[in-house]
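Structural overview
Below are the chains, spelled out letter by letter.
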Amino acid sequence: MENLSDLLHRRRSIRKYQDSALTDEEIKQLMAAPLMAPSSKRCTPWEFVLVRDEVKREALGACRAANSAFVAKAPLVVVIIADTEKTDVWVEDASIAASYLQLQVEEAGLGSCWVQLRNRQTATGQSSEDYVRELLGIPAKYGVLCMVAIGRKAEEKKPFDDERLQWNKLHCDTFTPAAEQA
Ligand SMILES: Cc1cc2nc3c(=O)[nH]c(=O)nc-3n(C[C@H](O)[C@H](O)[C@H](O)COP(=O)(O)O)c2cc1C
């Protein structure tokens, strides 16, 4: 198992994928990670819709006016939703699950990218959440947070450079406005 720090440095958003399907075994291994994610009061409000169908992936690519078309080329798109009637912190719970998934993807040597759906619109102004609910038959009580596009990497990105760590985001004992920190 690799060191968590190395994994965190290496994970970057990957938006280009090889034209090669993921096996059922690979997918099962990936999906174990979000199922281990912590959630408020352990209410596990999240659900994951795994989309491999080519026509549906193409349609998912049109869920936003921009910055989503590339998902059509990802062999697997995981749509992350959560039951809003179970908890008022479903956004937090689902976000943690999405992050767990992305880290597991990286550990498996694959690439992924988060595509935001909540509070976003299609090119015609429809809510991206409603668009995806209709496309995938998701009941209205589920909030639709995001989708994570996953595949074998067809682009390489540099690992995170420690020089870019924003240490000025840390505040000791009391908040210090940015100008005073310099
Ligand atoms: C909440 C959230 C929403 C994002 N939405 C999108 C998106 O809609 N489309 C996209 O291509 N990337 C999206 N990203 C990926 C970010 O653009 C990316 O994480 C950021 O630029 C940093 O790059 P890195 O992931 O390679 O470190 C999103 C990331 C987060 C955390």
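Scoring rules and cut-offs
- Residues numbered from 1 in each chain as written.
- Predicted model: local features only at pLDDT ≥ 70, side-chain atom pairs only at ≥ 80, totals over all residues.
- Heavy atoms only, no water.
- Core = buried A, V, L, I, M, F, W, Y, C linked by side-chain atoms within 4.5 Å.
- Buried < 20%, exposed > 50% of the residue type's maximum accessible area, 1.4 Å probe, protein only.
- Helix = DSSP H or I, 4+ residues; strand = E, 2+ residues; numbered from the N terminus.
- Contact = heavy atoms within 4.5 Å.
- Near = heavy atom within 4 Å.
- Polar contact = N/O pair within 3.5 Å; in protein donor to acceptor, adjacent residues only side chain to side chain.
- Areas by Shrake-Rupley, 256 points an atom, 1.4 Å probe, with all protein chains shown as cover.
- Nonpolar A, V, L, I, M, F, W, Y, C, P; charged D, E, K, R; others polar.
- Axes fitted to C-alpha atoms, helices over the stretch in contact; angles between N-to-C directions.
- Parallel < 35°, antiparallel > 145°, perpendicular 65-115°, else oblique.
- Left-handed = near helix turned anticlockwise from the far one by under 90°.
- Pairing = 2+ DSSP bridges.

A closer look at the nonpolar core
- The biggest cluster of nonpolar side chains holds 23 residues, and the ones touching the most others in it are Leu60, Val71, Val79, Val132 and Met147.
- Elements with a minimum of two residues in this core: α3 (54-61), β2 (76-83), β3 (111-116), α5 (128-136) and β4 (142-151).
- The dominant element in this core, judged by the number of residues it contributes, is β4, at four residues.
- With residues up to four places along the chain from it excluded, the contact list for Met147 reads Leu60, Cys63, Val71, Val77, Val78, Val79, Cys113, Trp114, Val115 and Leu117.
- Counting 22 residues, the second-largest nonpolar core is a separate cluster that includes Val78, Trp90, Cys146 and Val148.

Notes on the site of the ligand
- As a structural note, the neighbourhood of the ligand is formed by Arg11, Arg12, Ser13, Arg15, Arg64, Asn67, Phe70, Cys113, Trp114, Val115 and Gln116.
- Interatomic distance of 2.8 Å between a side-chain N/O atom of Arg15 and an oxygen atom of the ligand.
- Between the ligand and Arg64, the relevant distance is 2.6 Å, taken from an oxygen atom to a side-chain nitrogen or oxygen of the residue.
- If the ligand stood free it would expose 630 Å²; the protein chains cover 59% of that surface.
- The residue inventory of the shell around the ligand, partitioned by class, reads four nonpolar, three polar and four charged.

Here's the deal with the packing of helix α2 (residues 24-32) against helix α4 (residues 90-107)
- Axis separation between α2 and α4 bottoms out at 8 Å; the angle between their running directions is 135 degrees. Relative to α4, the element α2 is oriented oblique. Handedness of the α2/α4 crossing: right-handed. Residue-level inspection shows Gln29, Leu30 and Met31 of α2 in contact with α4, the latter providing Leu101, Gln104 and Val105.
- Among the residues making up the contact of α2 with α4, the classes are represented as four nonpolar, two polar and no charged.

With respect to the environment of Lys153
- Note that Lys153 resides in the loop between β4 and α6 (178-181).
- Between the alpha carbons of Lys153 and Gly111 there is a distance of 5.2 Å; along the sequence they are 42 residues apart.
- Excluding its chain neighbours within four sequence positions, the residues that come into contact with Lys153 are Ile14, Lys16, Gln18, Glu106, Gly109, Leu110 and Gly111.
- One polar contact links Lys153 to Glu106, side chain to side chain, over a distance of 3.0 Å.

Quick notes on the sheet that holds β3
- Taking strand neighbours across the sheet as the criterion, the four strands line up as β1-β2-β4-β3 in an open arrangement whose pairing is antiparallel. Only two strands of the sheet have a single neighbouring strand rather than two, namely β1 (46-51) and β3. Averaged over all neighbouring strand pairs, the angle between strand axes comes to 25 degrees, with direction disregarded.
- Where β1 lies against β2, six bridges are found, and the strand directions are antiparallel. Paired with Val49 across the strands is Val79, a residue of β2.
- In the packing of α5 onto the sheet, contacts are made with β1, β2 and β4, and the angle to β4 comes to roughly 75 degrees.

Structural notes on the packing of α3 against α5
- Where α3 meets α5, the closest approach of the two axes is 10 Å, and the angle between their N-to-C directions is 170 degrees. By the angle class used here, α3 and α5 are roughly antiparallel. For the pair α3 and α5, contact is made by Lys56, Ala59 and Leu60 and by Tyr131, Val132, Leu135 and Leu136, respectively.
- Taken together, the residues that form the contact of α3 with α5 break down as six nonpolar, no polar and one charged.

Observations regarding the side chain of Ser112
- Within the secondary structure layout, Ser112 lies in strand β3.
- Within polar-contact distance, the side chain of Ser112 engages the side chain of Gln102 at 3.0 Å.
- The residues contacting Ser112, other than those within four sequence positions of it, are Arg12, Ser13, Ile14, Tyr17, Gln102, Val105, Val148, Ala149 and Ile150.

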